[in-house]
Amino acid sequence: MSENERYDDLDKSIGRLKRAAIDAYVRDKIGGDADSFTRNKDGYEMVFSGTTMAIVRPGPDGEGGGTGFTASTSNSGPNYGGGSGSTSELDYTKEFNSVRRKSAIVSKLELGLETLKGLANEKEVSQTSGSYDDALASLTKAFTQLNETITTAEKAVEKNLIDNMSEMRKKKSSYDLKLAAAKSSDVSTSERLQHIDQSRVEDTLTRSKPKVVQELNSAWHAIQGTHMTHCVSRPEKIGIGINGPSSKFHGMKWLIHDLIEELTEETEYAFKDFELAVELIQQGDSTSKTKLEEMEQKIKDGSGLRPWQDRSIEKEVSDKKKQEQQKKKQEPGENNQGNSKKK
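Just so we're clear, the structure is a prediction, and the values are computed from it rather than from any experiment.

Cut-offs used in this document
Residues numbered from 1 in each chain as written. Predicted model: local features only at pLDDT ≥ 70, side-chain atom pairs only at ≥ 80, totals over all residues. Heavy atoms only, no water. Helix = DSSP H or I, 4+ residues; strand = E, 2+ residues; numbered from the N terminus. Buried < 20%, exposed > 50% of the residue type's maximum accessible area, 1.4 Å probe, protein only. Pairing = 2+ DSSP bridges. Axes fitted to C-alpha atoms, helices over the stretch in contact; angles between N-to-C directions. Parallel < 35°, antiparallel > 145°, perpendicular 65-115°, else oblique. Left-handed = near helix turned anticlockwise from the far one by under 90°. Contact = heavy atoms within 4.5 Å. Nonpolar A, V, L, I, M, F, W, Y, C, P; charged D, E, K, R; others polar. pLDDT = per-residue confidence, 0-100. Lys, Arg positive; Asp, Glu negative; His and termini not counted. Salt bridge = Lys/Arg side-chain N within 4 Å of Asp/Glu carboxyl O.

Section: the overall build of the protein
Logical step 1: Within the protein, the secondary structure is distributed over 11 helices and five strands.
Logical step 2: Going through the 343 residues of the protein one by one, you find that 32% of them count as buried.

So this is what it looks like as structure tokens:
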């Protein structure tokens, strides 16, 4: 069975485990001292000395059940009616809900209560099979072991991302490609004129350029739309925290985003630089020369983007706090106004 198929059936699995857990709870906690315990499709029947107890069983989805009644043995029978004995109503819905919450957590983590799995059939429950308390003890141990595994794995992922980012920063030139502009002084208008293949120039500018630029634009826009701030979100005691190693994924995302966005702009400059260089070769006038020199300066100035800046979540939170504090200082509050009036 594939992972997707396993998770597609997860709701049914959760329901089965909820009902199995409640089956064990009723047998151990409610009917533990019973002379006999019987479970059928719709309910539980427990016979004590002088009393019979009946409780409605949850459905296949693990929901419902919990209501019932007790009757004296003089009233016992198929319908628990007739006779002179007394009956009283029971309500264990609160207890059933508590069991459901615990078993749902287990099944969502795919741990399963091994001692409860055997209770999922429709036969009479043995008084000697694994107890509800044993199952919960196993659950606690399994949770602890699972959390240790998650923590170890997330620390390894976080360290890997930190190490990779550090290596990238050490070798910026390998990732942050820089465009070398064509200098007007290097362009010969006489010697190279005859070697220009105008069809290739047109093909480069009209066919290749749009495709290359479009692909690069699509790449950094797609990365921008990928939200890595909360790769995971769960209780803070699981793994290394509420969001796990999300902050490091977030930092890597923005570094790659900014590098590709900068590369996109420099690629457009490169095509324009090529176009102006060809124009200078062909025209050989001062206007063409000036255009190429202006583009050279524009390339030297750079895109203005800062791919290597700190874009971590921690930095964003810190900056936001500083902005809020600065805003409070600039805007006099009601307390300040009140204090000034008193003076």
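Points about the pairing of strand β1 (residues 36–39)
Logical step 1: Alternating positions in β1 separate cleanly, Phe 37 and Arg 39 being buried on one face and Ser 36 and Thr 38 remaining unburied on the opposite face.
Logical step 2: For β1 and strand β2 (residues 43–48), the ladder comprises four bridges, and the chain directions are antiparallel. Residue pairing in the sheet places Ser 36 in a bridge with Val 47 of β2.
Logical step 3: Hairpin connection, β1 to β2: the antiparallel pair is bridged by three residues.

Focus on the packing of helix α8 (residues 246–283) against helix α9 (residues 286–301)
Logical step 1: Packing of α8 against α9 brings their axes to within 9 Å, and their N-to-C directions diverge by 155 degrees. Considering the angle they form, α8 stands roughly antiparallel to α9. Helix-helix and strand crossings are classified by hand; for α8 and α9 the assignment is left-handed. Contacts from Tyr 269, Lys 272, Asp 273, Leu 276, Ala 277, Glu 279, Leu 280 and Gln 283 in α8 reach Ser 288, Lys 289, Lys 291, Leu 292, Met 295, Lys 298 and Ile 299 in α9.
Logical step 2: Its residues assigned to classes, the contact of α8 with α9 comprises seven nonpolar, two polar and six charged.

Points about the confidence of the model for the protein
Detailed reading of predicted coordinates is not advised where the pLDDT is low.
Logical step 1: A residue-level look at the protein finds 78% of positions with pLDDT of 70 or above and a mean pLDDT of 79.
Logical step 2: Within the model, pLDDT remains below 50 along residues 108–129, and this stretch shows 52 contacts once partners closer than five positions in the same chain are excluded.

Describing the side chain of Asp 273
Logical step 1: With respect to the helices and strands, Asp 273 occurs in helix α8.
Logical step 2: As a buried residue without a salt bridge, Asp 273 has its nearest oppositely charged side chain in Lys 272, at a separation of 10 Å.
Logical step 3: If near-sequence neighbours (up to four positions away) are discounted, Asp 273 is found in contact with Ala 180, Ala 181, Ala 182, Leu 292, Met 295 and Ile 299.

Some thoughts on the environment of Arg 311
Logical step 1: Along the chain, Arg 311 turns up in the loop between α9 and α10 (313–330).
Logical step 2: A residue is classified by how much of its surface remains accessible, and Arg 311, at 22% relative accessible area, is partly exposed.
Logical step 3: Not counting chain neighbours up to four residues away, the residues in contact with Arg 311 comprise His 250, Trp 254, Asp 258 and Glu 316.

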